[in-house]
Amino acid sequence: SINGKLLKSCFPLFKRFSLIRNLLGISSQKFTVQTSLFNLLCELFKVKNVEIALFCGTPSVHQKITMQITDGLNIVGYCKISEKKEVKALFKHEEDIFKTLHGNGFTNTPQCLYNARLKDETYIFAQTTTKTKNSKILHQLSAMHWDFLSQLHQKTKTSLPFEKSDFYEALNLLKQNLSYLSVADAKSVSAAIAMVEKHYEGKEIMFSFYHADFTPWNMFVEKGELFVFDWEYAKRTFPPFLDAFHFLTQVCIFEQHKDAEGIMANYRANRHIFAEYFDNPDFSYQCYLLGIISFYFDRDKDDFNKSNIQIWAALLRLLQEHA
């Protein structure tokens, strides 16, 4: 965002003048990168002297350090670091996803350069992601996003029984966690699950890859092409195109600060576009909402963001009322 770029450009100013830091309540911290890691990054990204921007991670059970690697001018990749074994498993999963995507000729995604453990039990995952000053971020769904999802579906589609899909597993996990919801929310979620199971039960379904965090902050446009990164939560067998609902919903929540009614109004205004890709957009939106609620229950357990859960459950109710 413009505010984000402005803040980033001011970092050197904050570092130089302690008076400004004190006025804004900013503290200065010092970090040391191990020589062995620094040399590894230079070797992996083929840069003589890499420059690093450090992000300490979004608070969650899978919080990890992320290094943005630059050659002094352009972003050449990212390096994720963690000591948690469950995060190590995510690194392996993302590496496998990249191998499958590139093996299927889908190349608008990063490549894994390194996935291994350092001597001190620290797990390192390095990936290519080349961004320049000309790279752009799109904050509204566009034909470019739909084309990306269409290509993703075509390159990864597979037919299998509903009961053997990742989506079926997500619904089962959600059923096991209904007690975390309020009575009203549990009722809406249970009704949606029953409807989806009735629709898919016993059928052979065409599923495909699902990114699971298809948002502006995980993608960029370079030379007219959309590149998407952060596939650590990707699923292989989900209903196609559900990522479009995630993009619309998360932008409304995190960038536009809308409540459920505001998000639904946005969706209704754009429903005709979704209707070009879904036989029944309202049904597919409910499939997405069940998937995202299930994911956060499974990942965060008792630490999930209840306000977002309440928004997603409210969206389910609004879709059911409209039906």
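Below or above, wherever it landed, is the structure these notes cover. (Residues numbered from 1 in each chain as written. Predicted model: local features only at pLDDT ≥ 70, side-chain atom pairs only at ≥ 80, totals over all residues. Heavy atoms only, no water.)

Turning our attention to the packing of helix H8 (residues 242–254) against helix H9 (residues 260–274). Between two packed helices, what matters for the description is the angle formed by their axes and the separation of those axes. Packing of H8 against H9 leaves a shortest axis separation of 11 Å and a crossing angle of 150°. Here H8 lies roughly antiparallel to H9, going by the angle between them. Helix-helix and strand crossings are classified by hand; for H8 and H9 the assignment is right-handed. Residue-level inspection shows Ala244, Phe245, Leu248, Thr249, Cys252 and Ile253 of H8 in contact with H9, the latter providing Ile263, Asn266, Tyr267 and Phe274. Here the contact of H8 with H9 is built from residues that sort into 8 nonpolar, 2 polar and no charged. (Axes fitted to C-alpha atoms, helices over the stretch in contact; angles between N-to-C directions. Helix = DSSP H or I, 4+ residues; strand = E, 2+ residues; numbered from the N terminus. Parallel < 35°, antiparallel > 145°, perpendicular 65-115°, else oblique. Left-handed = near helix turned anticlockwise from the far one by under 90°. Contact = heavy atoms within 4.5 Å. Nonpolar A, V, L, I, M, F, W, Y, C, P; charged D, E, K, R; others polar.)

As enumerated under the stated definition, the model contains 37 aromatic pairs in all. Relative to Phe278, the ring of Phe245 lies with its centre 4.9 Å away and its plane at 40°, an arrangement referred to as tilted. Taken together, the residues Phe245 in helix H8 and Phe278 in the loop between H9 and helix H10 (281–300) connect sequence positions 33 residues apart. Accessibility assignment for this pair places Phe245 and Phe278 in one class, buried. Clustering of aromatic rings is evident, with ring pairs tying together Trp146, Phe241, Phe245, Tyr267, Phe274, Tyr277, Phe278, Tyr285 and Tyr288. (Phe/Tyr/Trp six-rings, centres within 6.5 Å; stacked < 30°, edge-to-face > 60°. Buried < 20%, exposed > 50% of the residue type's maximum accessible area, 1.4 Å probe, protein only.)

Turning next to H10. Turn by turn, an α-helix covers 3.6 residues, leaving residues three or four places apart pointing in a common direction. When the terminal C-alpha atoms of H10 are compared, their 28 Å separation across 20 residues agrees well with the 28 Å that a helix rising 1.5 Å per residue should span. In terms of residue burial, H10 counts as a mostly covered element, since 18 of its 20 residues are buried. (Expected span 1.5 Å × (residues − 1).)

Along the chain, Leu73 falls in the loop between strand S2 (65–70) and strand S3 (75–82). What makes Leu73 exposed here is its relative accessible area of 54%.

Next up on the list: the sheet that holds strand S1 (residues 51–55). The strand order across the open sheet built from 5 strands is S1-S2-S3-S5-S4, with neighbouring strands paired in antiparallel fashion. The sheet terminates laterally at S1 and strand S4 (112–117), the two strands that pair on one side only. Averaged over all pairs of adjacent strands, the angle between strand axes in this sheet comes to 20°, irrespective of strand direction. Across 6 bridges, the pairing between S2 and S3 is antiparallel. Note on S3: the bridge partner recorded for Met67 is Cys79. Sheet strands in contact with helix H3 (residues 35–45) are S1, S2, S3, S4 and strand S5 (123–131), and its direction is about 140° off that of S3. (Pairing = 2+ DSSP bridges.)

Turning our attention to the layout of surface pockets. In this structure, the second largest pocket spans a volume of roughly 440 Å³. Taken together, 22 residues line the second largest pocket, and the ones lying closest to its centre are Leu173, Tyr233, Lys235, Phe295 and Asp298. Only helix H4 (85–103), helix H6 (166–176), strand S10 (235–238) and H10 provide two or more residues apiece to the lining of the second largest pocket. Looking at the lining of the second largest pocket, the element that brings in the most residues is H10, giving 6 residues. Residues of the lining of the second largest pocket, tallied by class, amount to 11 nonpolar, 4 polar and 7 charged. (1 Å grid on protein atoms, 1.4 Å probe; cavity = no way out; pocket = protein on both sides within 12 Å on 5 of 7 lines; lining within 4 Å. Points joined across faces, edges and corners; volume = space filled by probe spheres on them.)

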